[in-house]
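Single-letter residue listing:
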Amino acid sequence: MDSFIQAGIIGITLGAQYALLALGFTLIFGILGVINFAHGGFYVLGGYFAYAAVSDAGMPYPIAVLLAVIGTGVLGWLFEVLLVERCVDDHLATMMLTLGLYLVISNAMLIVFGPQSPHFTFPLSGTFRAGAVYVTAANLVVLAVCFVAIGALYILIYRTGLGRALRALADDRGVATAMGMRPRVLFPLAFGVATALAGLTGAIITPILSLSPNVGDPVLVSSFIVVILGGLGSIGGATVAAFIVGIIESYSSVYLGGSAGALVLFVIVLLLLVFRPFGLFGREIRRA
Amino acid sequence: MSKLKAIGVKIGVAASAFVVGIALPGNASAASCGLKIGAIGPLSGPAAEWGLAMVAAAEMAAAEANNKGGLQVGDQKCRVDVVSYDSKYSAEGAAAGANNLASQGIKFIFGPVGAPEMTGIKPVAMRNQILVFGDSYAKNAIGPQWPLVFHLGPGPNVWGPPIIEEAKRRWKIDTVSIIAPNDQGGTDIADVDQQDYEKQGVKVRLEYYQRGTTDFSPIITRVLSSHPDAVDTASSPPGDAGVIVKQLRQAGFQGPIGRLGGPGTDEIERIVGGIEILKNFYWYESTPTDDPNVRELSVLFTKETGKPVPQGTSFWQWVPEARLLLAAISKAGTITNPAKVAEALRTLPVQDPNLGQGLWTGKKFFGINQEISFPFGIGIIVDGKIQNVITHPAAEN
């Protein structure tokens, strides 16, 4: 019974990590229609921003996280303005561009910080226990940040004028532009918010797991699975799918083993997509 | 202004060195031929520590030769250059690297370091007649069917038993869970580790994970549900092993954690957050790292190459093999005929100024005597305090 409860807790904490990872990814697709292969790169950048701020500049960790969010947000905004904007409607070009950016980011981190994992640990080391069931303080923080980020993004997209403008652009750019929405201003803003989310995720998750220039690879895969399952472009779908993926992964790994767990996850996602080809919240693609 | 002055001085020094380098007859310009050695291994990712050590060893042997005016090959002095390639610890990466080096006409490859890479590289090496001097604990790392493939150091069937014996002497270990990746780099080693433990009466439970896993919490929960006395991270790369150890301790596991699968304790300690969290830990050191002669290699590396020594301890194991490879090329008197170099290599004695006396082995396990065995070490941490590394003499495989 303890293992069953523990698997549930782990599933929720994994789900929170995946949700944070997938939010920015799905936001960019939902608003701009761009599949951002550089998402894992901004996650890595966020981790290194926070690490450098803590270890080199001696800043407190919360300030370091804030810097990581701002830094990755600004870089994402710049990237959109300078490069993505020029070919935003060309799917193939944006894929190549973002994939190239990911390689640039990971190689830059490799050159600057070296290939090995630095000493970067979460400042809270406590673990809450009840018998054999436990949850680390760090995972609780991730969970809290995840819910705050989801809430903030939801309010931004569905409860503000800016969000309405972004959704209008996503729905019909021609009409929205005729109504006075300016994609050249709003697209970079959306891109910056999404990359800031990736940076936030990297800054809070890499000290819990590990940080190195290549940790963005599995992040991209997880984000992809989550947003495809949730329905590309749907914020609600990505959130729900993230927790489904986390829980499936946890229970299958605990009860079937690490190898079978990964396999079961892919099989279930495949089956779900057979019956719901547009993902669980596929209809939302048109709306988000 | 002072910064500008400093930059000016540096440019002046560099320019002078360049002019002197051209003018002096005895240096690199003395080399009348060029020998390129390929170095393939993981230069990024969780196993990067191992790959970087391997490349550094090749660079050091090359620098040793070049600083003497080049490697004597027949009547020529050859300048040795190392061409490295990041295989990312994968079979396809290593195969791509070998093809890349083959297209450059390179006939000697140093590395790779892992079983998946070794599997990927061998067919390409055979096809292109390339001599490979790699590391891997795979059960088929070398063999009579690959006469140009040489092997660095025996696997866990040789060094596992004394390490387990030492760990059992210090801690009560009746059951152990082994955690390893679910590819050849994990399964081959975990399987041999299992036999090593079971021969000493320890019950074993194997747990495999998908390579690329970042959060090991579910696997840790599964492992701890069987209440093992010890957990062994086997050949999990140091980056993965660090997260596994951290999450084991967070989950409340108090027992000893073993590592019968390769060095990397420094990186594990960095990820975990300190030696006090490692607490009770035992592992395979590829060399007796407390030996001053072995440690001297780090000083020599900086002296020969002018670079800081790479992190980790596996660099010390690779240097004698790199020296041996160049010695064999020199003895064979050819840089284009790997078969002749392999023939020379088999006849060279295994004797290194830093690692001491070693031996050729491998016949019993692999069916071919193309493996180098040097003395190795047993690392132990007890209650967060590191103990002296125990030296074990070179052993037959």
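In this report, we go over the structure that sits alongside the text. Note that the structure is predicted; figures quoted are calculated from it, not measured.

Conventions we followed
- Residues numbered from 1 in each chain as written.
- Chains lettered and ligands numbered in written order.
- Predicted model: local features only at pLDDT ≥ 70, side-chain atom pairs only at ≥ 80, totals over all residues.
- Heavy atoms only, no water.
- Helix = DSSP H or I, 4+ residues; strand = E, 2+ residues; numbered from the N terminus.
- Rg over C-alpha atoms; globule rule 2.2 N^0.38 Å.
- Buried < 20%, exposed > 50% of the residue type's maximum accessible area, 1.4 Å probe, protein only.
- Contact = heavy atoms within 4.5 Å.
- Areas by Shrake-Rupley, 256 points an atom, 1.4 Å probe, with all protein chains shown as cover.
- Lys, Arg positive; Asp, Glu negative; His and termini not counted.
- Charge placed at Lys NZ, Arg CZ, Asp CG, Glu CD.
- Pairing = 2+ DSSP bridges.
- Axes fitted to C-alpha atoms, helices over the stretch in contact; angles between N-to-C directions.
- Expected span 1.5 Å × (residues − 1).
- Salt bridge = Lys/Arg side-chain N within 4 Å of Asp/Glu carboxyl O.
- Buried area = accessible area lost by both parts, 1.4 Å probe.
- Polar contact = N/O pair within 3.5 Å; in protein donor to acceptor, adjacent residues only side chain to side chain.
- Nonpolar A, V, L, I, M, F, W, Y, C, P; charged D, E, K, R; others polar.
- Core = buried A, V, L, I, M, F, W, Y, C linked by side-chain atoms within 4.5 Å.
- Phe/Tyr/Trp six-rings, centres within 6.5 Å; stacked < 30°, edge-to-face > 60°.
- Lys NZ or Arg CZ within 6 Å of the ring centre and 35° of its normal.
- Parallel < 35°, antiparallel > 145°, perpendicular 65-115°, else oblique.
- Left-handed = near helix turned anticlockwise from the far one by under 90°.

Describing the overall build of chain B
A count of helical and extended segments in chain B gives 14 helices and 18 strands. For 397 residues, the compact-globule formula gives about 21 Å, and the C-alpha radius of gyration of chain B, at 22 Å, lands near that figure. Projected onto the principal axes, the alpha-carbon positions of chain B cover approximately 70 × 60 × 35 Å. A buried classification covers 60% of the 397 residues belonging to chain B. Taking the intrachain contacts of chain B between residues at least 6 apart in sequence as the baseline, contacts between residues at least 24 apart amount to 70%. Accessible surface computed for chain B: about 14800 Å², of which carbon and sulfur atoms make up 56%. Taking the average place of the 36 positive charges on the side chains of chain B and the average place of its 38 negative ones, the gap between the two points comes to 4 Å.

Topic: the overall build of chain A
Within chain A, the regular secondary structure consists of eleven helices and two strands. Ordered by position from the N terminus, the helices and strands of chain A form the series α-α-α-α-β-β-α-α-α-α-α-α-α. Projected onto the principal axes, the alpha-carbon positions of chain A cover approximately 60 × 50 × 35 Å. For chain A, contacts bridging at least 24 residues in sequence account for 76% of all contacts bridging at least 6. A total accessible area of about 12000 Å² is found for chain A, and carbon and sulfur atoms account for 73% of it. Charge-centre separation for chain A: the mean point of 12 positive side chains lies 10 Å from the mean point of 11 negative side chains.

Topic: the sheet that holds strand β1 (residues 33–41) of chain B
Residue and element names in this part refer to chain B. Pairing in this open sheet of eight strands is mixed, and the strands run β2-β3-β1-β4-β5-β6-β15-β14 from one edge to the other. At either margin of the open sheet sits one strand with a lone partner, and together these are β2 (71–73) and β14 (359–361). Going across the sheet, the axis of each strand differs from the next one's by a mean of 30°, ignoring polarity. Relative to strand β6 (residues 149–152), strand β5 (residues 131–134) runs parallel, the two being bridged by three bridges. Bridging across to β6, valine 132 finds its partner in valine 149. On top of the sheet, helix α13 (residues 338–347) reaches β4 (108–110), β5, β6 and β14; it is set at about 45° to β5, its chief contact.

Quick notes on helix α6 (residues 184–199) of chain B
End to end, α6(B) covers 22 Å across 16 residues, agreeing with the expected 22 Å (1.5 Å per residue, within 8%). When we look at burial in α6(B), the residues that qualify are Gly185(B), Gly186(B), Asp188(B), Ile189(B), Ala190(B), Val192(B), Asp193(B), Gln194(B), Asp196(B) and Tyr197(B).

Some thoughts on the pattern of salt bridges
Residues and elements named next belong to chain B. Counting across every chain of the model gives 14 salt bridges over all chains. Arginine 211 is paired through a salt bridge with aspartate 183; the nearest N and O atoms lie 2.5 Å apart. Of this pair, arginine 211 sits in the loop between β8 (203–209) and α7 (217–224) while aspartate 183 is found in the loop between β7 (175–181) and α6, placing the two residues 28 residues apart along the sequence. When its relative accessible area of 22% is taken as the criterion, aspartate 183 is described as partly exposed. Residue glutamate 207 is joined to arginine 222 by a salt bridge in which the shortest nitrogen-to-oxygen separation is 2.9 Å. Pair noted here: glutamate 207 is in strand β8 and arginine 222 is in helix α7, with a separation of 15 residues, a long-range link. Here the residues in one salt-bridge network are Glu64, Arg323 and Asp352, joined through shared partners.

Observations regarding the interface of chain A and chain B
Opposite the 31 residues of chain A that make contact, chain B presents 35 residues. Its largest share of buried area at the contact with chain B, chain A owes to Pro115(A), Gln116(A) and Leu209(A), together 22% of the area lost on that side. At the boundary of chain A and chain B, one finds 17 residue pairs in polar contact (both at pLDDT 80 or more). Elements with a minimum of two residues in the side of chain A that touches chain B: α1 (2–32), β1 (127–130), β2 (133–136), α10 (235–256) and α11 (258–275) of chain A. Looking at side-chain class alone, the side of chain A that touches chain B contains 14 nonpolar, 16 polar and one charged residues.

Brief notes about the nonpolar core
Soluble, globular proteins show a tendency: their nonpolar side chains are buried together. Core analysis: the biggest nonpolar cluster contains 109 residues, and Leu32(A), Ile204(A), Val226(A), Leu248(B) and Phe281(B) have the highest contact counts within it. The residues contacting Ile204(A), other than those within four sequence positions of it, are Leu20(A), Tyr61(A), Val65(A), Phe122(A), Val142(A) and Val145(A).

Considerations on unusual backbone geometry
Residues and elements named next belong to chain B. Omega for the peptide link from glycine 111 to proline 112 comes to 0°, which places this bond in the cis form. Turning to its location among the elements, proline 112 is positioned in the loop between β4 and α4 (115–128). Not every positive phi belongs to a glycine, and glutamine 129 is a case in point at roughly 50°. By secondary structure assignment, the location of glutamine 129 is in the loop between α4 and β5. Although it is not a glycine, lysine 279 adopts a positive phi angle of roughly 60°. Among the secondary structure elements, lysine 279 is positioned in the loop between α10 (275–278) and β11 (281–285).

Remarks on the packing of aromatic side chains
Overall, the coordinates contain 27 aromatic pairs over all chains when judged by the stated rule. Aromatic side chains Tyr137(B) and Tyr284(B) sit 6.4 Å apart centroid to centroid with 75° between the ring planes, which places their arrangement in the edge-to-face category. Of the two residues, Tyr137(B) is situated in the loop between β5 and β6 and Tyr284(B) in strand β11; the sequence distance between them amounts to 147 residues. Look at Tyr137(B) and you get buried, because its relative accessible area is 12%. Residue Tyr284(B) is classed as buried on the basis of its relative accessible area, which comes to 1%. An angle of 80° between the planes, with centres 4.8 Å apart, marks the rings of Phe365(B) and Phe366(B) as edge-to-face. Residue class for Phe365(B) comes out partly exposed when judged on its relative accessible area of 33%. Among the aromatic side chains, those forming a connected cluster through ring pairs are Tyr48(A), Tyr51(A), Tyr61(A), Phe113(A), Phe120(A) and Phe122(A). If you follow Lys122(B) out to its NZ or CZ, it ends over the ring of Trp146(B), 3.6 Å from the centre.

Here we look at the side chain of Asp196(B)
For Asp196(B), the location among the structural elements is in helix α6. Despite its burial, Asp196(B) remains without a salt bridge, the nearest opposite charge being carried by Lys199(B) at 4.8 Å.

Some thoughts on the pairing of strand β3 (residues 76–86) of chain B
Residue and element names in this part refer to chain B. In terms of strand pairing, β1 meets β3 through nine bridges, oriented parallel. When the sheet's bridge partners are listed, isoleucine 40 is paired in β3 with tyrosine 85. By the bridge criterion, three bridges tie β2 to β3 in an arrangement that is antiparallel. Across the sheet, leucine 71 pairs through a bridge with cysteine 78, a residue of β3. Taken together, β2 and the strand that follows it, β3, pair antiparallel across an intervening segment of two residues, in which glycine 74 is found at a positive phi of about 60°.

Brief notes about the environment of Ala96(B)
Looking at the element boundaries, Ala96(B) is found in helix α3 (residues 91–103). For the pair Ala96(B) and Asp86(B), spaced ten residues apart in sequence, the C-alpha separation works out to 9.7 Å.

Considering the packing of helix α9 (residues 216–230) of chain A against α10(A)
Residue and element names in this part refer to chain A. Between α9 and α10, the shortest axis-to-axis distance is 8 Å and the interhelical angle comes to 120°. Regarding the angle of α9 to α10, the classification is oblique. The handedness of the crossing between α9 and α10 is right-handed. Contact with α9, carried on its side by Ile225, Val226, Val227, Leu229 and Gly230, involves Gly237, Ala238, Ala241, Ala242, Ile244 and Val245 of α10 and no other residues of that element. Classifying every residue of the contact of α9 with α10 gives nine nonpolar, two polar and no charged.

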